[in-house]
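Here is how the chains run, residue by residue.
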Amino acid sequence: MSRRLSWDDLPHALRASIEEGVLGAPVIDVRSCSGGFSRSTAEIVRSTKGQELFVKAIRELENPETARLNRIEAATLSRLPSAVPAPRLLTVLTHDDWIVLVTEVAPGCMPETPWTSRQLETVLTALDSLQQAVTPCPLGDVPTLVATLGPDMLGFERVTEDPPEGLDPWIQSRLPRLCLSARAGIAALEGDTLCHSDLRSDNILITERGVVTLVDWAWACRGSRVADALQLLSSVEDPCGTLDVSGLVDGVLARHDIAPTVGTDVLVGILGFFVDAARKPVDPGLPTLQAHRRRARDSLLTLVQSRWDREEGASLRPT
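So, how was this worked out
- Residues numbered from 1 in each chain as written.
- Predicted model: local features only at pLDDT ≥ 70, side-chain atom pairs only at ≥ 80, totals over all residues.
- Heavy atoms only, no water.
- Helix = DSSP H or I, 4+ residues; strand = E, 2+ residues; numbered from the N terminus.
- Rg over C-alpha atoms; globule rule 2.2 N^0.38 Å.
- Contact = heavy atoms within 4.5 Å.
- Areas by Shrake-Rupley, 256 points an atom, 1.4 Å probe, with all protein chains shown as cover.
- Lys, Arg positive; Asp, Glu negative; His and termini not counted.
- Charge placed at Lys NZ, Arg CZ, Asp CG, Glu CD.
- Buried < 20%, exposed > 50% of the residue type's maximum accessible area, 1.4 Å probe, protein only.
- Phe/Tyr/Trp six-rings, centres within 6.5 Å; stacked < 30°, edge-to-face > 60°.
- 1 Å grid on protein atoms, 1.4 Å probe; cavity = no way out; pocket = protein on both sides within 12 Å on 5 of 7 lines; lining within 4 Å.
- Points joined across faces, edges and corners; volume = space filled by probe spheres on them.

Quick word on the overall build of the protein
Phase 1 of the analysis: Per the secondary structure count, the protein includes 11 helices and 9 strands.
Phase 2 of the analysis: Over its C-alpha atoms the protein spans a radius of gyration of 21 Å, differing by no more than 12% from the 20 Å that the globule rule assigns to 319 residues.
Phase 3 of the analysis: Projected onto its principal axes, the C-alpha positions of the protein cover 65 × 40 × 40 Å.
Phase 4 of the analysis: Taking contacts inside the protein between residues at least 6 apart in sequence as the whole, the part at least 24 apart equals 69%.
Phase 5 of the analysis: Of the roughly 15,000 Å² of accessible surface on the protein, a fraction of 52% belongs to carbon and sulfur atoms.
Phase 6 of the analysis: Separation between the mean location of the 32 positive side-chain charges and that of the 43 negative ones in the protein comes to 1 Å.

Structural data, given as structure tokens:
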């Protein structure tokens, strides 16, 4: 089974470059960070002087796609305005086929999972503040959400063409309408706000005082003001309904005068991605990804069903 690379896997010359050129002292402690699916190192290193840095490293020849994303993230971090709650990029190092990003250590810890109402509200409030600061989008050359996520959100069209075994009956009976809904959801992603575009619990850190930092900026895009909040809420598992995720979705939309059905359309598109992607074989390089996709599919299906059925009952959707 694949595992994350570690500090000890880095060539001696590369570790020495970080110690001598960035930290200015030897590393005496290494703490691994959890979360994510790539093989990149994700570690906080501490020097004999007490300074801490975050190190993300990957071998390009063995992991070309991850290396590409890490280069994009480095380019994005280097240009993010100070209003964006993200760790500051200190340097990018290369050695043979290695690429290393070194950043400040972001404060806080990942949210508790299952989420608590308090932490979820804290993050949604932070996203509201962020979208005000990054509209219009300060990075004019980032791709659009429609171009980046749009193809993924056409999953129900791929499912229609090639249905997987055991397709949920609720989905099966509504496939044509779900395809139309997803198309509407893609169109709703248009906008001129800088979006993180990969928001879930392991890309968020929260301090005890409620300071929120967003990490892993490889997918920065330009799109709707509510896209990040909807993507985050689509990832929140709430089997008992205590968080009222659907109500939080409605609240996000209402603050921007957007109809609830628009949010449902976006969620349908995200669900289509997971329904389609969950049937793919396990990638040995990302061994935990498929289990995540199946869990996300099942959780999001419950949310989409409740909203869709509510809108059908209110005659907001044709039956």
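More follows now that the structure is in view.
Comments concerning the environment of leucine 120
Phase 1 of the analysis: When you line up the elements, leucine 120 lands in helix 3 (residues 117–133).
Phase 2 of the analysis: The spatial distance from the C-alpha of leucine 120 to the C-alpha of alanine 259 is 22 Å, given a sequence separation of 139 residues.
Phase 3 of the analysis: Excluding residues that lie within four positions of it along the chain, leucine 120 makes contacts with Trp115, Leu232, Leu233, Val236, Leu243 and Leu248.

Focus: helix 1 (residues 12–23)
Phase 1 of the analysis: Among the residues making up helix 1, those that are buried are Leu14, Arg15, Ala16, Ile18, Glu19 and Leu23.
Phase 2 of the analysis: For helix 1, the elements touching its buried residues are strand 1 (27–32), strand 2 (43–47), strand 3 (52–59), strand 4 (89–95) and strand 5 (98–103).
Phase 3 of the analysis: Looking one or two residues past helix 1, glycine 24 carries a phi angle of roughly 75°, positive in sign.

A closer look at the packing of aromatic side chains
Phase 1 of the analysis: By the definition in use, this model includes 2 aromatic pairs.
Phase 2 of the analysis: A ring pair is formed by tryptophan 170 and tryptophan 308, whose centres lie 6.1 Å apart and whose planes are at 85°; its orientation type is edge-to-face. Placement of the pair is tryptophan 170 in helix 6 (residues 169–172) and tryptophan 308 in helix 11 (residues 289–313), with a sequence separation of 138 residues.
Phase 3 of the analysis: Judged by its relative accessible area of 11%, tryptophan 170 is buried.
Phase 4 of the analysis: For tryptophan 308, a relative accessible area of 1% translates into the label buried.

Notes on empty space enclosed by the protein
Phase 1 of the analysis: With the rule as written, the count across this model stands at 2 cavities of 30 Å³ or more.
Phase 2 of the analysis: When its volume is computed, the largest cavity comes out at roughly 100 Å³.
Phase 3 of the analysis: Along the walls of the largest cavity sit 14 residues, with Leu127, Gln131, Arg225, Asp228 and Ala229 positioned nearest its centre.
Phase 4 of the analysis: Of all elements in the fold, only helix 3, strand 6 (193–195) and helix 8 (227–234) reach the threshold of two or more residues within the lining of the largest cavity.
Phase 5 of the analysis: A per-element tally of the lining of the largest cavity places helix 3 first, with 4 residues.
Phase 6 of the analysis: Every residue lining the second largest cavity is listed: Leu145, Leu149, Leu189, Ser197, Ala227, Asp228, Leu230, Gln231, Val266 and Ile270.
Phase 7 of the analysis: Only helix 4 (145–149), helix 8 and helix 10 (260–277) provide two or more residues apiece to the lining of the second largest cavity.
Phase 8 of the analysis: At 4 residues, helix 8 tops the list of elements feeding residues into the lining of the second largest cavity.

Considering unusual backbone geometry
Phase 1 of the analysis: Omega for the peptide link from threonine 113 to proline 114 comes to 0°, which places this bond in the cis form.
Phase 2 of the analysis: Here proline 114 lies in the loop between strand 5 and helix 3.
Phase 3 of the analysis: With phi around 50°, aspartate 244 is a residue other than glycine that occupies positive phi space.
Phase 4 of the analysis: Checked against the element boundaries, aspartate 244 lands in the loop between helix 8 and helix 9 (245–254).

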